[in-house]
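Each chain is listed here by its residues.
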Amino acid sequence: MMTLKVNGKDHVVDADPDTPLLYVLRDDLKLNAAKFGCGLGQCGACTVIVDGKAVLSCVTPLLLLDGKQVTTLEGLGTIEAPAPIQRAFMEEQAAQCGYCISGMMMRAQALLQRNSKPTDAQIRAELQPNLCRCGTHMRIMRAVHRASRLMDSADASPVIQRSAP
Amino acid sequence: MNAPVILDRRRVLAGGGALIVSFSLTGAFAEEKSPPGVVTAPKPPGSLKDAPLLDSWIRIEADGKITAFTGKAELGQGFKTAFQQIAAEQLDIPFASLTVVTADTHRTANEGYTSGSHSMQDSGTAILNAAAQARALLVAEAARRLDLPEDTLRTENGAVIAPDGRRLGYGDLVAGDMLHVQAQPTSKLKDPASFGIMGQPVPRLDIPNKVTGGAAYVQDMRPPGMVHARIVRPPSYGAQLTACDTAAVEKMPGVVKVVRDGNFLAVVATKEFLAVKAMRALSAAAQWKETASLPKQDDLLHVLATGLPSQDSVIFQHSNPSAVGRKTLEATYTRPYQSHGSIGPSCAVAQLVDDAMTVWTHTQGVYPDRQGIAEMLHMPQPSVRLIHVEGSGCYGHNGADDVAADAALIARELPGVPVRVQWMREQEHSWEPYGPAMVTKLKASLDENGAIADWNFEVWSNTHSMRPGGAGCLLAAQHIAQPFAVPPAKPLPLPEGGGDRNAIPIYTFPNAHVVHHFLPDMPLRISAMRGLGAYHNVFSIESFMSELALAAGADPVAFRLKHLDDPRGRDVVMKAAEGFGWREGQKAPPGHGYGFAFARYKNLAAYCAIATEIEVNRETGQPRLLRAVAAVDSGQAVNPDGLANQIEGAIMQSMSWTLFESVTFDDTRITSIDWQTYPILRFNSAPDSIDVHIINRPGLPFLGSGETGQGPAAASIANAIADATGKRLRNLPLTRKRIKDAIDA
Amino acid sequence: MTGSPRMIAAAIAGVLIAAGIAGFAVTWRPAIAAVEPPSPQSFDPVLVKRGRELAAIGNCNDCHTMRGGSSFAGGLPVPTPFGTIYSSNITPDPDTGIGRWPEQAFRRAMRSGVDRDGQHLYPTFPYDHFTNVSDEDDRALYAFLMTRPPVHAPARDNQLSFPLDQRFVVAGWKLLFLRHGGYQPDGGRSAEWNRGAYLVEGLAHCGSCHTPRNGLGAERPDAQFAGGDVDNWHAYAINSQSPSPVPWNADTLFSYLRRGWDSDHGTARGPMAEVVSNLSSVSESDVRAIALYMADVFGAPAPDRIRHGEAVLAQAKMRAKTQAGAPAAQAANGAATQDWTMNATGASIYAAACATCHESNRALPYGGVNLALSTALSGPDPRNAVNIVLSGVRPVPGERSPIMPGFADSMNNEQIVALLQFLRGRFSNQPAWSGVAKTVLDARRMQTVFLQTSPGPSNPPADATQRGGP
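Calculation notes
Sequence order sets the numbering: in each chain, residues are counted from 1 along the sequence as written. To label them, take the chains in the order written and letter them from A, then take the ligands in the order written and number them from 1. Local features in a predicted model are, by the rule used here, given only for residues with pLDDT of at least 70; side-chain atom pairs are given and counted only at 80 or more, and totals for whole chains, interfaces and linings are based on all residues. Two strands are said to pair when DSSP picks up at least two bridges between them. A run of DSSP states H or I qualifies as a helix once it reaches four residues; a run of E qualifies as a strand once it reaches two. Both are numbered from the N-terminal end. Orient the strands so they point away from the viewer; a crossover is then right-handed if the path from the first strand over the helix to the second runs clockwise. Whether two residues are in contact depends on their C-beta atoms, placed from the backbone: they are in contact if these lie within 7 Å. Put simply, a nonpolar core is a cluster of buried Ala, Val, Leu, Ile, Met, Phe, Trp, Tyr and Cys residues tied together by C-beta atoms within 7 Å. Here a residue counts as buried when 20 or more other C-beta atoms fall within 10 Å of its C-beta, as exposed when 12 or fewer do, and as partly exposed in between; the C-beta atoms come from the backbone. Axes here mean lines fitted to C-alpha atoms, for a helix over just the part in contact, with angles spanning 0 to 180 degrees between N-to-C directions. Residues are grouped as follows: Ala, Val, Leu, Ile, Met, Phe, Trp, Tyr, Cys and Pro are nonpolar; Asp, Glu, Lys and Arg are charged; all remaining types, including Gly, are polar. Domain delimitation follows an automatic or database domain assignment. Reported orientations rely on four angle classes, namely roughly parallel under 35 degrees, roughly antiparallel over 145, roughly perpendicular from 65 to 115, and oblique for the rest.

A. The pairing of strand β24 (residues 689–694) of chain B, seen in detail. All names here are of chain B. Bridge count between strand β23 (residues 623–633) and β24: 6 bridges; the pairing is parallel. Across the sheet, Val629 pairs through a bridge with Asp691, a residue of β24. For the crossover from β23 across helix α15 (residues 640–660) to β24, the handedness is right-handed.

Below, the structure written as structure tokens:
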């Protein structure tokens, strides 16, 4: 049993301390966004944010997370009140199958939180660990730029909840 | 041929006399059945010809609720949104006022597989016509009730409107079995000039859910009481389980059951990670006897072209002795085995309730997969229901069908309990059926005017579909103690073809000879991968066209146009060249190269031409695509943004296949089992820009788009590399190392 | 060992200025007249090809290429204790590269560290080794470089403080430390040994990283190959003081240098990854010669090292056989019997985050190395182990290559320290490290810089046909 802080709420989790965060999010907390892609830290589909940093949840055991803040895509916003990054991905139609997209968005969100105006080169470098198989890369990059502009115009704190216009 | 159909049962649902027929069929149909040359009454278009009742496609309830049905599976192409646009347009209702239901053996028509860029052609066409005919029936009914001529009435916003303003809602008009009628061969379609929804870049319906963490995939299903299973697959093809002490594993925390049936080994646990841990322990306890049976990976050319028995057929022959070649070129091109490599490993949920098995699956064919699973379980097909739920991106026959069978086999051992199975990354990579390796040999001569006088093309390939159908195509059925034999491979028939898809040139040559060497033996497990043989055949033809252009001293674009008669093809070629800024005789900057390629997918679907600019680092051999400009004619464009997204994706994915990808193996095992050993493109390889120019053809048939770009992208990239380096690479993938070796040679 | 850094710097400055003045008088060199850039076609292709292999052995691209930049166009910041020096453009660009250099000027630079204008070059350019390169090899290198695509890339200004920003000071350094004379073959040794020695001491400049430097930044002749520093990595001792758990021999050295990994030692990473990447493209006989010579430098291991190595190997093999599937349990069991089990946090992190790969049955290079074989954990300081835990092993784009996720963002400093101390106790027979916490802090700062600027290897350290095992 341990207490895990996810999306601003405390959860008491009944899982062994060696359980990767990914399984706790999906199996115990019934969250969908973080995806199992490889379980080996090679593809990024499981990316979430821990204390502001993009982290591969499939290779992050629960025991590393004591006292840390976990944010998943669900914690950024909702369909009704999407966060800038979510709005941006919708507006750019930046998905095909979408399986990798949640991980992409979380890594991009972590980037935007420390660098609100990333260049193309910085986005490429940042997203390097995350794989997309459908070939949506160009749209994903456009969406990250758009999110950067949206955050700007909203004068928003990095993680915000606002409604679409 | 026609299997019994279980869906011919009507259920009239309560409500205002509206008739909702769940589904009606006159027979089941084999996939891609094309009656040979028999002249019969004209048939309705698209999949309507196989499922001709309108209410198999469009249903309207008394309360005005409208549903469109498709037997196709949404695989991430976004067609569900396009279908909704089509139905809404032709019915004259707001886009948001209807829903689309996708593949479900208990609810939708049998449209075989969602493959071959057929969804728009088959299902989109069926919905288009069914919706138009439903609207016509509604107008006729309104005319009868209002006692007015039909041509005085118009439709708008889900109602028929009289000149005096009286409105009759569709829900009020629908009655009895109004839509339970045979489709007509022709429909009164709306004038494309009046379209308000078709042709618009309507945002995809699935994306908001996917970018906010909604349940969107079969991987996200969690029915109450669900347990998690993991499979322990054999380490190699044909390996036999000789011993496995399961006692310790059965005592592990959370373990519900160990399932062992011949070489099929699985473990079920209450929680997912406990299942993973138990799987690891079970894997360590299992002992296997392996057989070395794989060919030499480094010598696929000889393995395919001379090592395996082949069935040879001339598939195209054209002679004009007056054309005489002066200068002859020959070239051999090879393609390795390649993986689908979906980012999410295959997954399914199955549950046995009262002797009825339900499987939620991301299969491309709910009906054929049901047939295989029912056969494996020795259950009648009506007792097995397959419901399509989206999975991770699907680029052909991956592990989807197999994992559905795994789940069903395990669920049978735990009646009443929903069982979720997801493969591990290594299992997906080592057990999915690969895109087959291929060899092509080309030979052509130029006449004194630099035109092609004769053309010879030979292709060696396995089949490109080992999909179920029968249980023998499912891994679990092959591994159980009473196994089902893998059915013999069959070549896929032309005109679409399999290994010979796009083997016949679209260009006009005075002399042409095309041979298909079909290889029935399959050393590696293979099946359909996006584009089938077209990827390699177009790569070969379009590489060779540029080689010939160079030999003729001609511009590659002009050289293609010189041999291309098809006017829509010419338009696409010229559009791509214009969008790229292609100028005859232009030279790329040092270290850069320009490439061009064109094809019409299957010679009967969408047209696509792609121009590329590539930069090659001469020291490392590292290529980078800088920009790609595509032109595509996919007939009537329903959702231009969705179409552009498909073409962008095709270019990116094909670039990854073309530059990086090959399955590796030793004499016994597959060795490319994860992203370390099967690298695909990462963000650093993304180009600076991709532009897609759509040539819209309002009113012309849908031609599909999911597989039209891969072949031209591959050849365009290869041609750009040749232009940049002066060296022609003919063996896929065109790796950095191969480029460097060619430069250094 | 007393005195503030400021006082040491002042002393160094004093020595260098004095030597510089003397050296300038002795080592002054005139400019060599510029030539019209020779056309690439004027070079013999056979010579160019040989030059390409020699450049790979010399690892030239590593320092003279920026991440994402053009090959050999320079600009890479090379951090030194004295400031940052930027590598120069050695493409044949006439204005910013060596396009107007005659061969004679190139040879002088290699041999004496003087550019065409007569300016002294900083010894980050390892002419103290290149002085051993033969005329013939210099000619081939010149031919290779002069046939590269010219890239216009002006030199970046070095960031050095006075007096080191004065190039005449370098003359003094040379007077003290540069020994001319070329490689002298040892008649008592085989031709292969001599070939290896010629390459190692000359073009391959192994000592530049693996030999410790004195206060003036020169290699210490009394401690050749005793271990040095580069880019915040420790370059291990590659002589009799080697810390590797299993002693090296010519075969394992060859396998490591040629393909980037060896099953008894692990996979090359950090700056060495680039070196082995280059060595994978040169002639096999040269790599064999280097391995043969280096095996001699390592010397025959003492009996206790041999015994320790054999024990470690035996244990590793046994573990691979018996342990797949239950790595966590194993770690916990082990933890019950030894002192390092006091470190329960480190043990649990290892079991949960590391053991699934590092105790899997999968062979190198795609399986994690059995950490008992890891030199990083037996080395004198924890830098390399910390770097690897923080940054992992990044994939070589588009190539088969090992990937290890980095844990910089999922482990805090306390967790990494606990893990490292546990690993040191569990997997080496060496005393505990001190100063791990500071190493972690430094590494977090430095790694970012290095990983963003260096080009990274293009040939991955891997073997495509290596069996994985599901």
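Let us keep going from here.
B. Structural view of the environment of Thr270 of chain B. All names here are of chain B. Tracing the backbone through its elements, the reader meets Thr270 in the loop between β10 (264–269) and α6 (272–285). With 447 residues separating them in the primary sequence, Thr270 and Ile717 have C-alpha atoms 49 Å apart. When sequence neighbours within four positions are dropped, the list of residues in contact with Thr270 reads Val227, Gly254 and Val256.

C. View of the nonpolar core. All names here are of chain B. Grouped together as the largest cluster of nonpolar side chains are 394 residues, with contacts concentrated most on Val267, Ala407 and Ala630. Ranked by residues supplied to this core, first place goes to helix α2 (residues 119–146) with 11 residues. Aside from chain neighbours lying at most four places away, what touches Ala407 is Ala348, Val349, Ala350, Val359, Val419 and Val421.

D. Examining the sheet that holds strand β20 (residues 511–518) of chain B more closely. Residue and element names in this part refer to chain B. The strand order across the open sheet formed by 5 strands is β12-β20-β19-β18-β13, and the pairing between neighbours is mixed. On the outer flanks of this sheet lie β12 (311–318) and β13 (327–335), each paired with one strand and no other. Sheet twist, expressed as the mean angle between neighbouring strand axes with direction ignored, is 10°. One ladder, built from 9 bridges, connects strand β18 (residues 438–446) with strand β19 (residues 452–461); its direction is antiparallel. The residue of β19 that forms the bridge with Ala444 is Trp455. Lying on the sheet, helix α12 (residues 534–552) is in contact with β13, β18 and β19; it crosses β18 at an angle near 30°.

E. Region of interest: the interface of chain A and chain B. Across the contact, 49 residues belong to chain A and 48 residues belong to chain B. Only α1 (21–28), α2 (84–91), α3 (101–114), α4 (120–127) and α5 (137–154) of chain A provide two or more residues apiece to the side of chain A that touches chain B. Among the residues making up the side of chain A that touches chain B, the classes are represented as 25 nonpolar, 17 polar and 7 charged.

F. How the structure looks around the interface of chain C and chain A. Facing the 12 residues of chain C at the interface are 14 residues of chain A. Of the residues forming the side of chain C that touches chain A, the biggest block, 5 residues, is contributed by helix α15 (residues 344–358) of chain C.

G. Quick peek at the sheet that holds strand β21 (residues 592–600) of chain B. Residues and elements named next belong to chain B. Judged by pairing direction, the sheet is mixed, and its 4 strands sit side by side in the order β21-β22-β23-β24 without closing on themselves. The open sheet is flanked by β21 and β24, the only strands paired with a single partner. Direction aside, the axes of adjacent strands within the sheet are offset by 15° on average. Sheet analysis places β21 next to strand β22 (residues 607–616), joined by 9 bridges and oriented antiparallel. Bridged to Ala599 within β22 is Cys608. Of the strands in this sheet, β21, β22 and β23 are in contact with helix α16 (residues 710–725), which crosses β21 at around 155°.

H. Up close: the domain arrangement of chain A. All names here are of chain A. The domains assigned to chain A are domain 1 (2–75) and domain 2 (84–152). Inter-centroid distance (C-alpha atoms) of domain 1 to domain 2 is 20 Å. Facing the 14 residues of domain 1 at the interface are 13 residues of domain 2. Secondary-structure elements contributing two or more residues to the side of domain 1 that touches domain 2 are β3 (47–50) and β4 (53–56).

I. Geometry of the packing of helix α8 (residues 191–201) of chain C against helix α12 (residues 284–298) of chain C. Residues and elements named next belong to chain C. Closest axis-to-axis distance for the α8/α12 pair is 7 Å, and the angle between their directions is 90°. The angle between α8 and α12 places the two elements in the roughly perpendicular class. The segment α8 lies against α12, with Glu192, Trp193, Arg195, Gly196, Ala197, Leu199 and Val200 engaging Asp286, Arg288, Ala289, Ile290, Leu292, Tyr293, Met294 and Asp296. Split into classes, the residues belonging to the contact of α8 with α12 amount to 9 nonpolar, 1 polar and 5 charged.

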